[in-house]
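Here are the chains, one letter per residue:
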Amino acid sequence: MSKIKGQSRVVIENVQPQVDGGLYPAKRTVGELVTVTADIFGDGHDHIRAHLLYKKEGEKNWQRTPMQAGYNDDWYASFEVKEKVGYIFTVHAWIDHFETWYDGFKKKAAAKVDVHIELMEGAIILRKLAAKDPALNPAAATLENKGQYADAVEFVLSKEFHDIVHHHPLIEFETQYEKELKVAVEHRKANFSAWYELFPRSASLEGKHGTFKDVVKLLPRVASMGFDILYLPPIHPIGKINRKGKNNNVRSVAGEPGSPWAIGSDEGGHKAIHPELGTLDDYKKLIAEAKKLDIDIAMDVAFQCAPDHPYVKEHPDWFKQRPDGSIQYAENPPKKYQDIYPFNFESEDWQNLWEELKSVFLFWIEQGVKVFRVDNPHTKPIRFWQWVIAEINKQHQDIIFLSEAFTRPKVMASLAKVGFTQSYTYFTWRVSKQEIVEYMNELVFSQSRNYFRPNFWPNTPDILPFHLQHQGENIFILRLALAATLSSNYGVYGPAYEFCENIPVQGKEEYHDSEKYEVKKYDWKHTNRLTDIISILNRARKAHAALQSTWNIQFCHVENPNLLAYLKATDDLSSIILTVVNLDPYNRQWGYVQLPKERLKLGDRINVKLHDLMTDEHYTWTQEWNYTEIDPYKMPFHLFKLEIHESNM
């Protein structure tokens, strides 16, 4: 019984954000707010007060900020994570007898009830508080002066006394939440990035096998379009045994380059470079030249081996042996990947396998790589990723890990929880208005917001979705607009998207004549309408803070099911963007968009200036509902910068 805090009458439950009961930290990036919520209540009608306590990891003293009461015992407060360090927070709450007394006093005074005793009670509370803050002694003396009853009552009812009550809570019998929860803070690029993917072997302007030096020549082009991450598929030697041919043919012919994801040959493995791409020095030169243009080179890490990878000979126990003495190749029945051997993570030698795979990351980080796109992480143990990412983070800061896992939701979620910075998503297949709204609301307003940081890709070398097949550029433009404005992280499989490649393998979401199995010849000097739109969009993303967060979205009502409208704004409304997309790539659509008056703090007299950043057109809206029309052949979407007239602020 002595261990029970019987005098603590407040209950604190459901403190958020917390991930799996605090097993994993919630994620934020520098400059973001952490909004902490809790269910806080107690018995009776006494007034409850609560504080959010937070500090940086390693600090001794907590900072306190008052929590505000919402609806139905919901409480909330926020703090900003200003540095790339870990933060800790918790919640304390208590019955504030000072505030309870004050509320009762005001009601009794208003009813002309004698409050002599209440003044004495208030004086006792003030003397107790004055033990820590002697400045309150004069206030206590005023309440104790029986000869000045009217003056004392007037003083208690004054603004000055209200401020005393507000700023001097009487903290007694405090309930402390049972856990101290963590927030992992990452650098800004974790939350805001634009990726462009190209195969370096297709980078040559002459159509021959490209090199890193050819990619260097393309850097100004990538930079001019506004991308800040250039992602290259695996750059390692490609297996020669069971090499795949054009269109995933199980047999290649002489001269066919094979799939870059079939890693390793007699020329080396995961720490080697494909000789036709260049040397290690060439690769480091590419990284350095990209940095001059504020571009990071992302490396594709695919932990799998071609049959002639050095690991197969040196560590056969790292692979699954079949009864006939052969090694099990990768399968996703009925698909077969004879050119790839997966690692056996149940190997007796699993510890050395883990250490070797960690060393692959460390090797490339030493060469200057800061961004990794990880291929199919859901086919490797989640505990391995938790360990290896934590190990890397101990030694190196600001490493981005992008999870390429198009798989079951709980597996994708778990990978994000254990450390992946960003994650591929189901956006690729969310097409209708209802699908997009429901998916965005799930990402932004569910618990996954605290650990799952989405990266939207309208296509990949593996995926040519059905809605892009045999279609014109309008659908490519509107899907690009959705990816780039719904999510603050997005990417495209660049040249195929930019040049609107749309021919699939019949009946499948795969590219015919896929670049995964052949060298492509692109006219890298050519630009088109989509190239220009990409450039304008990325320029707008960098210029307007509202587009640099996924978490600030609010969908706006518009009756037409083909029109999707959503607002993004910074907390202080210094940056406001309204995007309206025509989901019909063939026909002009129109409707009335409702402005969110409360979010925009609009008064009865509305005067909103709109500047379409795509077409440079200007409009003025003077009412809550406003007519919008979109001709997809002119531009499939509006990207409005909003300016609100001062009289409405």
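Residues numbered from 1 in each chain as written. Predicted model: local features only at pLDDT ≥ 70, side-chain atom pairs only at ≥ 80, totals over all residues. Heavy atoms only, no water.

## Points about the sheet that holds strand β11 (residues 193–197)
Pairing between the strands of a sheet comes from backbone hydrogen bonds, and it takes one of two forms, parallel or antiparallel.
And step 1. Read across the sheet, eight strands follow the order β21-β20-β19-β18-β13-β12-β11-β22 without closing on themselves; strand pairing throughout is parallel. Each having just a single partner strand, β21 (454–455) and β22 (489–493) make up the two edges of the open sheet.
And step 2. Where strand β13 (residues 296–301) and strand β18 (residues 371–375) come together, four bridges link them in parallel fashion. Each residue of the ladder has a partner; that of V301, found in β18, is V374. (Pairing = 2+ DSSP bridges. Helix = DSSP H or I, 4+ residues; strand = E, 2+ residues; numbered from the N terminus.)

## Structural notes on the pairing of strand β8 (residues 87–95)
And step 1. By the criterion of burial, β8 is predominantly enclosed, with nine of the nine residues buried.
And step 2. Burial along β8 is two-sided: Y87, F89, V91, A93 and I95 and I88, T90, H92 and W94, pointing in opposite directions, are all buried.
And step 3. In terms of strand pairing, strand β4 (residues 48–56) meets β8 through nine bridges, oriented antiparallel. By the bridge assignment for β8, H51 is matched with H92.
And step 4. Summarising the sheet, β8 and strand β10 (residues 181–186) pair through three bridges and their orientation is antiparallel. Across the sheet, the residue bridging to F89 is L181, located in β10.
And step 5. Relative to strand β9 (residues 175–176), β8 runs antiparallel, the two sharing two bridges. (Buried < 20%, exposed > 50% of the residue type's maximum accessible area, 1.4 Å probe, protein only.)

## Observations concerning the UniProt feature "active site" (unreviewed entry) in the protein
And step 1. Summarizing the sequence annotation, UniProt attributes the feature "active site" (unreviewed entry) to D375 and E404 in the numbering used throughout. Spatial clustering of the annotated residues is evident: they stretch over 30 residues in sequence, but the largest pairwise C-alpha distance comes to 5.3 Å.
And step 2. You can see D375 is positioned in strand β18.
And step 3. Aside from chain neighbours lying at most four places away, what touches D375 is W261, D300, V301, A302, Q304, K380 and E404.
And step 4. Mapping E404 onto the fold places it in strand β19 (residues 400–404).
And step 5. Judged by its relative accessible area of 5%, E404 falls in the buried class.
And step 6. Those residues in contact with E404 that lie beyond four places of it in its chain are R373, V374, D375, N376, P377, H378, Y424 and D462. (UniProt positions renumbered as here; feature names shortened; annotations may be inferred. Contact = heavy atoms within 4.5 Å.)

## Details of the UniProt feature "site: Transition state stabilizer" (unreviewed entry) in the protein
And step 1. UniProt records the feature "site: Transition state stabilizer" (unreviewed entry) for D462 in the present numbering.
And step 2. In this structure, D462 sits in the loop between β21 and α13 (473–486).
And step 3. Residue D462 is classed as partly exposed on the basis of its relative accessible area of 29%.
And step 4. Filtering out sequence-adjacent residues up to four positions away, D462 remains in contact with E404, E509, E510 and K516.

## Some points on the nonpolar core
And step 1. Of all hydrophobic cores here, the largest spans 127 residues; its most connected members are Y283 and F372.
And step 2. Those residues in contact with Y283 that lie beyond four places of it in its chain are F212, I235, I273, I297, M299, W364 and V369.
And step 3. Core analysis: the next-biggest nonpolar cluster, separate from the first, contains 26 residues, V10, Y87, I95 and V183 among them. (Core = buried A, V, L, I, M, F, W, Y, C linked by side-chain atoms within 4.5 Å.)

## Notes on the environment of T29
And step 1. Inspection of the secondary structure assignment puts T29 in strand β2 (residues 26–29).
And step 2. A sequence separation of 162 residues divides T29 from N191, and the C-alpha atoms of the two residues are 6.6 Å apart.

## Let's talk about the packing of helix α1 (residues 97–110) against helix α2 (residues 116–130)
And step 1. Running from N to C, α1 and α2 cross one another at 155°; their axes reach a closest spacing of 11 Å. Here α1 is positioned roughly antiparallel relative to α2, judged by the angle of their axes. Every pair of crossing elements has a handedness; the one defined by α1 and α2 is left-handed. Every residue of α2 that contacts α1 at H97, F98, W101, F105 and K108 is listed here: E118, L119, E121, G122, I125, L126 and L129. (Axes fitted to C-alpha atoms, helices over the stretch in contact; angles between N-to-C directions. Parallel < 35°, antiparallel > 145°, perpendicular 65-115°, else oblique. Left-handed = near helix turned anticlockwise from the far one by under 90°.)

## Side note on the sheet that holds strand β25 (residues 576–582)
And step 1. Strand order in the open sheet made by the six strands is β23-β24-β25-β30-β27-β28, with antiparallel pairing throughout. Strands with a single pairing partner mark the edges of an open sheet, and in this sheet they are β23 (553–556) and β28 (618–621). Each adjacent strand pair in this sheet contributes to an overall mean axis angle of 25°, direction not counted.
And step 2. By the bridge criterion, five bridges tie β25 to strand β30 (residues 637–644) in an arrangement that is antiparallel. Each residue of the ladder has a partner; that of V581, found in β30, is F637.
And step 3. Across the sheet, α13 is in contact with β23, β24 (563–569), β25 and β30; its angle to β24 comes to roughly 30°.

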